[in-house]
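Spelled out, the chains give:
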Amino acid sequence: MSISADYTSRWFDLERLLDESFVREIEFRRECGSTNDLALLPNPERKSPSLFLTDSQTGGRGRGRNQWWARDGALTFSLRLEPAEFLVTHERWPLVSLTTALAVADILASFAPGQKVGLKWPNDVFLNGRKICGILVEPPLGSTSELVIGVGINVANSLSDAPDDVRTIATSIFDETDTDFSPSDVLLSFLQRFEALIRDLGNSTLNLKDRWQQQCTLTGQQVSLESGDRRIVGLCHGIAENGAINVETDGAVRSWFGGIVRIIH
């Protein structure tokens, strides 16, 4: 177990995170473009699971060409792990993003009690109708055994000074609760909850479909799904057991594993 840091973090208790979570190695940077980019770098001596963390992320990536807007007090980090260590087989890798979102939703119930938490397939978490968390899961180049899970959660960063197009769709724990929670405490809570859920996923004791259905923001909505150069419009029926989204078009329900989904108002 080890910690590599280029600076004394303003926000994070690295020793506590290592001692009280399942990660075996932490790599901290005062500032970086993207924690996922750090995590994707090859290192044969790396111990898994590894946590990549920064006080300031300047170029966070989302799905497609999307970017993650983050400011001081935001929680941005990546995990690099071997799903097989948690008995998660390769065919269940698509469920890892959904499991991550569920872990975020569970801890938000503690840090923002009484607030409405929603899940948007496949990688967003909402609080009171606005986006509070984005997730990006990707395999390292050439690896068939590892995944990198990037997570951005708006914690102590108010979005009051965000660009107009961001402020109208996003929020933070601080904005919704007027409470200045420590990003370190939120991260530790997430790591502990995520470990429990991914082990349940590997042991087939996590009823992911039913848990998601309870908080899915898309179920019963008219949606558009863009996948490559194809666009479909239909009624969302939630998610399937395999993590795909179910959309009804022309009277038939089909499952889709990838794409950008938007609600049609």
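Below is a short write-up of the structure. In this text, all values refer to a predicted model and were calculated from it rather than measured experimentally.

Now for the packing of aromatic side chains. Aromatic ring pairs are defined here through the distance separating the ring centres and the angle between the ring planes. Tallying each qualifying case throughout the model produces 5 aromatic pairs. Where Phe 111 meets Phe 181, the ring centres are 5.0 Å apart and the plane angle is 85 degrees; that geometry is what we call edge-to-face. Of this pair, Phe 111 sits in helix H3 (residues 94–111) while Phe 181 sits in the loop between helix H5 (173–177) and helix H6 (183–202), and the two are 70 residues apart along the sequence. Its relative accessible area of 23% is what places Phe 181 among the partly exposed residues. An aromatic cluster of at least three residues, connected via ring pairs, comprises Phe 22, Phe 77, Phe 86, Phe 190 and Phe 194.

Next up on the list: the pattern of salt bridges. One pass over the full model with this rule turns up 11 salt bridges. Through salt bridges with shared partners, a single ionic network connects Arg 16, Glu 20 and Asp 185.

For the rest of this paragraph, the subject is the sheet that holds strand E7 (residues 117–120). What the 8 strands build is an open sheet, ordered E1-E2-E3-E6-E10-E9-E8-E7; its pairing is mixed. Of all strands in the sheet, those bounded by a partner on one side alone are strand E1 (2–5) and E7. The average undirected angle you get between the axes of adjacent strands in this sheet is 15 degrees. Bridging between E7 and strand E8 (residues 124–127) involves 4 bridges; their strand directions are antiparallel. Within the sheet, the bridge partner assigned to Leu 119 lies in E8 and is Val 125.

With that settled, the discussion passes to H6. The end-to-end C-alpha separation of H6 is 28 Å, in line with the 28 Å expected for 20 residues at 1.5 Å each. Those residues of H6 that sit buried are Pro 183, Ser 184, Val 186, Leu 187, Leu 188, Phe 190, Leu 191, Phe 194, Leu 197, Ile 198, Leu 201 and Gly 202. On its buried face, H6 sits against helix H1 (14–19), strand E3 (50–57), strand E6 (75–81), H3, strand E10 (147–153) and H5. Where H6 begins, the capping side chain belongs to Ser 182, and its oxygen is found 3.1 Å from the backbone nitrogen of Ser 184. Taken from the residues just after H6, Ser 204 is the one with a positive phi, measuring 60 degrees.

Where E8 lies against strand E9 (residues 130–138), 4 bridges are found, and the strand directions are antiparallel. In the sheet register, Phe 126 faces E9, and the bridge partner there is Lys 131. Hairpin geometry of E8 and E9 is characterised by an intervening segment of 2 residues between the two adjacent antiparallel strands and by a positive phi of about 55 degrees at Asn 128. Of the strand pairs in this sheet, E9 and E10 are connected by 6 bridges, and their pairing is antiparallel. Paired with Val 137 across the strands is Ile 149, a residue of E10.

Turning to the pairing of E1, a few remarks are in order. Here E1 pairs with strand E2 (residues 25–32) via 4 bridges, running parallel. Note on E2: the bridge partner recorded for Ser 4 is Glu 27. Each parallel crossover has a hand, and the one from E1 via H1 to E2 is left-handed.

The next point concerns the side chain of Ser 48. Positionally, Ser 48 belongs in the loop between helix H2 (35–40) and E3. Of the polar contacts made by the side chain of Ser 48, one reaches the backbone nitrogen of Glu 82; its length is 3.4 Å. The residues touching Ser 48, leaving out its near neighbours within four places in the chain, are Arg 24, Arg 80, Leu 81, Glu 82 and Glu 85.

All right, on to the packing of H3 against H6 then. Packing of H3 against H6 leaves a shortest axis separation of 9 Å and a crossing angle of 135 degrees. Considering the angle they form, H3 stands oblique to H6. Seen along the crossing, H3 lies across H6 with a hand that is right-handed. Contact with H3, carried on its side by Leu 95, Thr 99, Thr 100, Leu 102, Ala 103, Val 104, Asp 106, Ile 107 and Phe 111, involves Asp 185, Val 186, Ser 189, Phe 190, Arg 193, Phe 194, Leu 197, Ile 198 and Leu 201 of H6 and no other residues of that element. Split by residue class, the contact of H3 with H6 holds 12 nonpolar, 3 polar and 3 charged.

The rules behind these values
- Residues numbered from 1 in each chain as written.
- Predicted model: local features only at pLDDT ≥ 70, side-chain atom pairs only at ≥ 80, totals over all residues.
- Heavy atoms only, no water.
- Phe/Tyr/Trp six-rings, centres within 6.5 Å; stacked < 30°, edge-to-face > 60°.
- Helix = DSSP H or I, 4+ residues; strand = E, 2+ residues; numbered from the N terminus.
- Buried < 20%, exposed > 50% of the residue type's maximum accessible area, 1.4 Å probe, protein only.
- Salt bridge = Lys/Arg side-chain N within 4 Å of Asp/Glu carboxyl O.
- Pairing = 2+ DSSP bridges.
- Axes fitted to C-alpha atoms, helices over the stretch in contact; angles between N-to-C directions.
- Expected span 1.5 Å × (residues − 1).
- Contact = heavy atoms within 4.5 Å.
- Polar contact = N/O pair within 3.5 Å; in protein donor to acceptor, adjacent residues only side chain to side chain.
- Right-handed = clockwise from strand over helix to strand, strands pointing away.
- Parallel < 35°, antiparallel > 145°, perpendicular 65-115°, else oblique.
- Left-handed = near helix turned anticlockwise from the far one by under 90°.
- Nonpolar A, V, L, I, M, F, W, Y, C, P; charged D, E, K, R; others polar.

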